[in-house]
Amino acid sequence: MIDKILWASDGSNYSIETLKYVELLAKKFKAEILGLHVMRDYHEAAEKFPLEEKNKLIKWVEDTKSKERERLESIAKDFKEKGISFRIEITTGIPYKEILRVADRENVDLIALGRGGSFEKFILGGTALKVLRESSLPVLTVSESRKSLDIKSIFVPTDLLSTSRLSEAFRYAVELSNEFGATIYSLNVVEVGDYNFPVDVIKQIREFSFGELEENLSKIKGRKNIETFVEAANNVWSSIVKFANEKDVDLIVMMTYSGKRFSKDFIGSVAERVVQGASCPIITIRP
């Protein structure tokens with residue numbers, strides 16, 4: 001399932017927290033880790049500088065690369081002592097493009113990176129957002145540190161519009177569950193918006209949704225340890241985040257699209273807001 005993981009390192013706390021989960025997955029699946037650091041390309045800007053300033057910039061870039069290589073080599077040495085294969089690569093360019101390029105070239109199974117900072121509550125860090133939007137591979141994003149790094153509960157938010165999407169997310173979650181012995185929580189949120197539906201109507205909708213969800217889940221091979229839930233709420237994403245917090249789940253696995261397919265520059269408002277709002281690690285999968 002996971003033979004090679006690309007860990008995109010930028011030296012931030014988000015990146016270091018992500019590495020902890022990369023190590024956890026690498027141990028379970030005996031996977032190889034490729035530690036990638038991307039230096040932004042300053043050559044075009046440097047050409048416009050006076051010679052003295054240009055040389056200073058070039059020296060700074062080379063010194064920074066050297067320090068980053070030393071940092072990654074130290075990490076690689078530590079992982080080698082733990083019996084985990086860890087390779088290093090340092091490239092120059094636009095970070096998200098280089099991450100996607102190297103991931104494709106190396107045929108990795110998972111891209112892992114810190115969720116990054118944001119200047120508004122619901123805006124992801126630029127590199128993480130662009131990777132999420134354009135990656136055809138599963139992407140693990142991590143932001144906050146957690147007390148336990150074990151994965152004992154996996155949360156899969158679902159819709160009822162596509163059994164194939166449901167199966168794809170659950171296939172991934174089931175395989176992780178088998179490795180970690182984790183319980184899987186399945187939640188379908190019936191979005192009612194601001195409409196004041198009668199209580200009996202809401203009850204009927206929930207019962208219908210629960211039946212549909214159970215029927216879809218019955219088609220998944222290897223189903224076990226799955227608990228299903230259906231809730232009615234004003235909006236989907238906040239209910240997903242609330243559920244994850246209440247259950248204190250260790251990992252969310254979710255599709256990046258729900259319903260209609262959007263352009264490649266849009267991962268879906270629900271997925272984007274959940275990735276930004278949830279405190280636990282998230283693996284997003286693009287259909």
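For the structure, check the block above.
What this report covers is the structure whose coordinates are included nearby.

### Notes on the overall build of the protein chain
- From N to C terminus, the protein chain includes nine helices and 10 strands.
- Considering the protein chain as a whole, with its 287 residues, one finds that 48% of them fall into the buried category.
- Sequence separation of 24 or more characterises 79% of the internal contacts of the protein chain that already satisfy a separation of 6 or more.

### What about the packing of helix α8 (residues 236–247) against helix α9 (residues 269–277)?
- Direction vectors running N to C along α8 and α9 enclose 35 degrees, while the axes themselves pass 9 Å from each other. Like other packed secondary-structure pairs, α8 and α9 cross with a definite hand, here right-handed. Where α8 abuts α9, its residues Val236, Trp237, Ile240 and Val241 lie against Val270, Arg273, Val274 and Gly277.

### Comments concerning the pattern of salt bridges
- Evaluated as defined, the whole model comprises 15 salt bridges.
- Where Arg87 meets Glu32, a salt bridge forms, and the shortest distance between an N and an O atom there is 2.5 Å. With a gap of 55 residues between them, Arg87 in strand β3 (residues 86–92) and Glu32 in strand β2 (residues 32–39) connect regions that are remote in the sequence.
- Between Arg87 and Glu106 there is a salt bridge; the shortest N-O distance is 2.7 Å. On the criterion of sequence distance, the pair formed by Arg87 in strand β3 and Glu106 in helix α4 (residues 95–106) is long-range, its members being 19 residues apart.

### Focus on the nonpolar core
- Counting 41 residues, the largest nonpolar core has Leu140, Ile154, Leu176, Val253 and Ile283 as the members making the most contacts within it.
- Counting 37 residues, the second-largest nonpolar core is a separate cluster that includes Leu34, Val236, Trp237 and Met254.

### Section: the side chain of Ser177
- Among the secondary structure elements, Ser177 is positioned in helix α6 (residues 163–180).
- Classification of Ser177 as buried rests on a relative accessible area of 3%.
- Each residue touching Ser177, except ones within four places of it in the same chain, is listed here: Ile154, Ala182 and Ile184.

### Side note on α9
- The set of residues buried in α9 consists of Ala271, Glu272, Val274, Val275 and Gln276.
- Of the surrounding elements, those touching the buried residues of α9 are α5 (126–134), β5 (139–142), α8, β9 (251–255) and β10 (282–285).

### Topic: the packing of α4 against α5
- At a minimum axis separation of 9 Å, α4 and α5 run at an interaxial angle of 40 degrees. It follows that α4 is oblique to α5 by the angle criterion. Note on packing geometry: the crossing formed by α4 with α5 is right-handed. Contact residues: Pro95, Tyr96, Ile99 and Leu100 in α4; Thr127, Lys130, Val131 and Glu134 in α5.
- When grouped by side-chain class, the residues that make up the contact of α4 with α5 number five nonpolar, one polar and two charged.

### Notes on the packing of aromatic side chains
- Counted by the stated rule, this structure contains six aromatic pairs.
- Ring centres of Trp7 and Phe86 lie 6.1 Å apart, and the angle between their planes is 65 degrees; this geometry places the pair in the edge-to-face category. Within this pair, whereas Trp7 is found in strand β1 (residues 4–8), its partner Phe86 is found in strand β3, the two being separated by 79 residues in sequence. Exposure class is identical for Trp7 and Phe86. Each is buried.
- Ring plane angle 80 degrees and centroid distance 6.1 Å describe the contact between Tyr185 and Phe243, whose orientation is recorded as edge-to-face. Remark: Phe243 occurs in helix α8 and Tyr185 occurs in strand β7 (residues 183–191); sequence separation between them is 58 residues.
- Relative accessible area serves as the criterion here: at 13%, Tyr185 is assigned to the buried category.
- On the basis of relative accessible area, Phe243 is assigned to the buried category, the value being 3%.
- Here the aromatic residues Phe155, Tyr185, Phe229 and Phe243 are joined through ring pairs into a cluster of three or more.

### Examining unusual backbone geometry
- The phi angle at Lys30 is positive, at roughly 50 degrees, despite the residue not being glycine.
- Inspection of the secondary structure assignment puts Lys30 in the loop between α1 (13–29) and β2.
- Accessibility expressed as a relative area gives 75% for Lys30, which makes it exposed.
- For Asp248, which is not a glycine, the phi torsion comes out positive at approximately 50 degrees.
- Here Asp248 shows up in the loop between α8 and β9.

### Comments concerning the environment of Asn13
- Take Asn13: it is sitting in helix α1.
- Take Asn13: its relative accessible area is 66%, and that puts it in the exposed class.

Rules of the game
Along each chain, residues carry numbers from 1 onward, in the same order as the chain's sequence is written. In keeping with the model being predicted, local features are shown solely for residues with a pLDDT of at least 70 and side-chain atom pairs are shown and tallied solely at 80 or more, while totals for entire chains, interfaces and linings include all residues. Side-chain calculation: all heavy atoms of the structure are included, whereas hydrogens and water are not. A run of H or I in DSSP becomes a helix once it reaches four residues, and a run of E becomes a strand once it reaches two; helices and strands are each numbered from the N terminus. Working definition: with a 1.4 Å probe on protein chains only, accessible area under 20% of the residue-type maximum means buried, over 50% means exposed, and in between means partly exposed. In this analysis, two residues are considered to be in contact whenever any of their non-hydrogen atoms come within 4.5 Å of each other. Fitted lines through C-alpha atoms give the axes, limited to the stretch in contact for helices. The angle between two N-to-C directions lies from 0 to 180 degrees. Left-handed is the label given to a crossing in which the near helix is rotated counterclockwise from the far helix by less than a right angle, and right-handed is the label when the rotation is clockwise. Between Lys or Arg on one side and Asp or Glu on the other, a salt bridge is scored when a side-chain nitrogen of the former is within 4 Å of a carboxyl oxygen of the latter. The set of buried Ala, Val, Leu, Ile, Met, Phe, Trp, Tyr and Cys residues whose side-chain atoms join them within 4.5 Å is what this entry labels a nonpolar core. Oblique is the label for any angle not under 35 degrees, not over 145, and not in the 65 to 115 range, which are roughly parallel, roughly antiparallel and roughly perpendicular in turn. Residues are sorted three ways: Asp, Glu, Lys and Arg are charged, Ala, Val, Leu, Ile, Met, Phe, Trp, Tyr, Cys and Pro are nonpolar, and all the rest, Gly among them, are polar. Stacked, tilted and edge-to-face are the three classes applied to pairs of Phe, Tyr and Trp rings, where Trp contributes its six-membered ring and a pair requires centres within 6.5 Å; stacked means planes under 30 degrees apart, edge-to-face means over 60, and tilted covers the rest.

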